[in-house]
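Given next are the chains, with one letter for each unit.
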Amino acid sequence: MRRKPRIPPSPLPQRHGVDPVRVRLPVAGSWPTVREHLVERLSGAGAGVVDGMFDTGQIVGADGRAVAADAPYVPGMFVWFHRELPEEVPVPFPLEVVHRDEHIVVVDKPHFLATTPRGSHVTETALARLRRELDIPALGPAHRLDRLTAGLVLFTVRPEERGAYQTLFSDRRVLKEYEAVASYDPALSLPRTVRSRIVKERGVLQAREVTGEPNAVSRVELLGQRPEGVGGLARYRLVPGTGQTHQLRVHMTALGVPILGDPLYPEVTGPVPAGDFRRPLQLLARALAFTDPVTGEEHRFRSGRELAAWASYDRWAAGTYDGPSAGQ
């Protein structure tokens, strides 16, 4: 069995709560220099950008010393550097800490805030914010919540314990409950369990249902209805039994009651301009319950947020809702 390479600790500190980029030079490499490999590997940045990073000593080895542009290529070598951070519009909603102890941090995430750095969302993410605000550089996610979905997210304090908490989610030993606001259909018989096969292809925005063995299971219940809005509104309790991408959004759409504010289902709408925080997706991760794999404690957490379309559909539709859970 091939042993995994030992990864040295990063010689660079975080910046704004964001880890430096770590690159391992391929073992089967034949580039003459480290520079030539990085120019090819980071082709999207351009040779000039890579050369500038070498010139200013921004690319370092495991000892923290700058790597020269003409340093010979060493298979398996690690190098680190800080990425150029994109300009980001701040997400103007609070990230509420629901629970904090020496092992975990549970937060109530607002809509529009990504869980972890990805693409154009880097410093304006829950992870980067919490590392800065709580001064816990080693904080890491046990799972992820879509950027457009609000609600509870679990982070771990100690890297050596992260795997135990991540396994809770991969083994489906966490009870997750969501709430959603969508149209009301009196012909829709609830409660029911929806089962289907969902696939999500790389580069395609929507996930889709296909014929085949079900890999996605969701329990859908009606919590209440109101006459406001076209056709009336309803509030739903959603309990996923599996964790396919966009599963709840796909299943609600398949039932004929797509979640309000969804830019992907049933149809992909135009991209929302940066800084437009009106009419968020009306989906909330309401509850998390699990047995702590480290302490054995029974945990049950609930979000205190309110879905804006349920509180005031007209104000949500107009993008002017600023009630007790602003940003909802």
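We now turn to the structure provided with this report.

### A closer look at the packing of helix α1 (residues 34-41) against helix α2 (residues 47-55)
Two elements in contact, α1 and α2, have axes separated by 9 Å at closest approach and are oriented at 140 degrees. Between α1 and α2, the interaxial angle falls into the category oblique. Between α1 and α2 lies a crossing whose hand is right-handed. Where α1 abuts α2, its residues V34, R35, L38 and V39 lie against A47, V50, D51 and F54. Here the residues of the contact of α1 with α2 sort into six nonpolar, no polar and two charged.

### Observations concerning the pairing of strand β13 (residues 298-302)
Side chains H299 and F301 project from β13 onto a buried face, and the interleaved E298, R300 and R302 project onto a face without burial. Alignment of strand β12 (residues 283-291) against β13, held across five bridges, turns out to be antiparallel. Of the residues in β13, the one forming a bridge with A289 is R300. The turn joining β12 and β13, which pair antiparallel and follow one another in sequence, is formed by six residues; a positive phi near 80 degrees is taken by G296.

### Description of the environment of L152
On the secondary structure map, L152 appears in strand β6 (residues 150-156). On the basis of relative accessible area, L152 is assigned to the buried category, the value being 1%. Residues L152 and R286, spaced 134 residues apart in sequence, show a C-alpha to C-alpha distance of 6.6 Å.

### Some remarks on the packing of aromatic side chains
Counted by the stated rule, this structure contains six aromatic pairs. The interplanar angle of 40 degrees and the centroid separation of 5.4 Å between the aromatic rings of W31 and Y73 together place this pair among those described as tilted. With W31 in the loop between β1 (21-24) and α1 and Y73 in the loop between α2 and β2 (78-81), the pair connects residues that are 42 residues apart, well separated along the chain. The exposure class of Y73 is buried, given its relative accessible area of 9%. Grouping aromatic residues by their ring pairs yields a cluster made of F93, F112 and F277. Sitting above the plane of the W310 ring, R226 keeps its charged end 4.1 Å from the centroid.

The rules behind each value
- Residues numbered from 1 in each chain as written.
- Predicted model: local features only at pLDDT ≥ 70, side-chain atom pairs only at ≥ 80, totals over all residues.
- Heavy atoms only, no water.
- Axes fitted to C-alpha atoms, helices over the stretch in contact; angles between N-to-C directions.
- Helix = DSSP H or I, 4+ residues; strand = E, 2+ residues; numbered from the N terminus.
- Parallel < 35°, antiparallel > 145°, perpendicular 65-115°, else oblique.
- Left-handed = near helix turned anticlockwise from the far one by under 90°.
- Contact = heavy atoms within 4.5 Å.
- Nonpolar A, V, L, I, M, F, W, Y, C, P; charged D, E, K, R; others polar.
- Buried < 20%, exposed > 50% of the residue type's maximum accessible area, 1.4 Å probe, protein only.
- Pairing = 2+ DSSP bridges.
- Phe/Tyr/Trp six-rings, centres within 6.5 Å; stacked < 30°, edge-to-face > 60°.
- Lys NZ or Arg CZ within 6 Å of the ring centre and 35° of its normal.

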